[in-house]
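Chains, contacts and geometry: an overview
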Amino acid sequence: MAKGNYTLVPIDEALSADVEDDVVAINRSAAVVKGGRRFSFSALTVVGNRNGLVGVGYGKGREVPLAIEKSVKDARKQIMRVVRDGTTIPHAVDGRYCSTKVRLLPAAPGTGIIAGKAVRKVLERAGISDILTKNYGSTNALNVVKATMMALNQLRSREQTAALRGVEIE
């Protein structure tokens, strides 16, 4: 199943109970009506099991808890599996979404997550703990998170690359 340009992994109840959620951003917007201002909220959340599964959700509601609840539900529907190489990623990769570009670079053990707030939350939930990142263009949290997911979806292990090319790895 594909959502946008990344592949989703259907998860069973055992895995969905294991995921943790984290709020990346909450936005407030107002509509001016006859009686004053009517506020609505949107929430961006990331869910993951810190072991290769991660999903992103976006929800809107009249109250903050309702928006968060909707976004967590959406994120659980959009979980995908991330290819990792120990505590880092197998190779450098770029992800684009709208005017945002996120570059992810593998790092040596002990480096930590060198990233901004939105990218850091996605990578922490995916179970990646040593990585270098750089964000180009827009820093809108929603676009940055989606660009990060696009980049993570492009990761391939050595075995997957060899199978795609039809060659053997020595």
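Above this text sits the structure in question.
Described below are features of the structure shown in this document. Predicted model only: the values in this text are computed from it and were never measured.

1. Notes on the sheet that holds strand β9 (residues 113-114)
In a beta sheet, neighbouring strands pair by backbone hydrogen bonds and run either parallel or antiparallel. Strand order in the open sheet made by the four strands is β7-β8-β10-β9, with mixed pairing throughout. Pairing within the sheet leaves two strands with one partner each, and these edge strands are β7 (93-97) and β9. Summarising the sheet, β7 and strand β8 (residues 100-106) pair through five bridges and their orientation is antiparallel. Across the sheet, the residue bridging to valine 93 is leucine 104, located in β8.

2. Considering the packing of aromatic side chains
Tallied over the full model, the rule gives zero aromatic pairs. Directly above the ring of tyrosine 136 sits lysine 134, whose terminal nitrogen or CZ lies 5.8 Å from the centroid.

3. Focus on the sheet that holds strand β4 (residues 36-48)
Strand order in the open sheet formed by four strands is β3-β4-β5-β6, and the pairing between neighbours is antiparallel. The sheet is open, and its two borders are formed by β3 (20-33) and β6 (80-81), each paired with just one other strand. Pairing of strand β5 (residues 53-61) with β6, which is carried by two bridges, proceeds in the antiparallel orientation. Its bridge partner being in β6, leucine 53 is matched across the sheet by arginine 81. The strands that helix α2 (residues 64-77) touches are β3, β4 and β5; relative to β5, the one it contacts most, it runs at about 145°. Docked against the sheet, helix α3 (residues 117-126) engages β3, β4 and β5, running at close to 140° with respect to β3.

4. A closer look at the nonpolar core
By size, the foremost hydrophobic cluster in this structure holds 29 residues, and its most contacted members are Val54, Val82, Leu104, Ile128 and Leu152. Listed by contribution, the elements that provide at least two residues to this core are β3, β4, β5, β8, α3 and α4 (141-153). If one sorts the elements of this core by residue count, α4 sits on top with six residues. When residues no more than four places from it in sequence are discounted, the contact partners of valine 82 are Gly52, Val54, Ala126, Ile128, Leu152 and Leu155.

5. What to know about the environment of aspartate 22
Positionally, aspartate 22 belongs in strand β3. Assessed through its relative accessible area of 18%, aspartate 22 is described here as buried. Those residues within four positions of aspartate 22 in sequence are excluded, and the remaining contacts are Leu44, Thr45, Val46, Lys121 and Arg125.

6. Considerations on unusual backbone geometry
Negative phi characterises most residues that are not glycine, and trans characterises most peptide bonds. Phi is positive for arginine 50, close to 60°, though the residue is something other than glycine. Tracing the sequence through the fold places arginine 50 in the loop between β4 and β5. When its relative accessible area of 40% is taken as the criterion, arginine 50 is described as partly exposed. Of note, cysteine 98 is a non-glycine position whose phi angle comes to about 55°, a positive value. One can find cysteine 98 in the loop between β7 and β8. Judged by relative accessible area, which is 57%, cysteine 98 ranks as exposed.

The rules behind these values
- Residues numbered from 1 in each chain as written.
- Predicted model: local features only at pLDDT ≥ 70, side-chain atom pairs only at ≥ 80, totals over all residues.
- Heavy atoms only, no water.
- Pairing = 2+ DSSP bridges.
- Helix = DSSP H or I, 4+ residues; strand = E, 2+ residues; numbered from the N terminus.
- Phe/Tyr/Trp six-rings, centres within 6.5 Å; stacked < 30°, edge-to-face > 60°.
- Lys NZ or Arg CZ within 6 Å of the ring centre and 35° of its normal.
- Contact = heavy atoms within 4.5 Å.
- Axes fitted to C-alpha atoms, helices over the stretch in contact; angles between N-to-C directions.
- Core = buried A, V, L, I, M, F, W, Y, C linked by side-chain atoms within 4.5 Å.
- Buried < 20%, exposed > 50% of the residue type's maximum accessible area, 1.4 Å probe, protein only.

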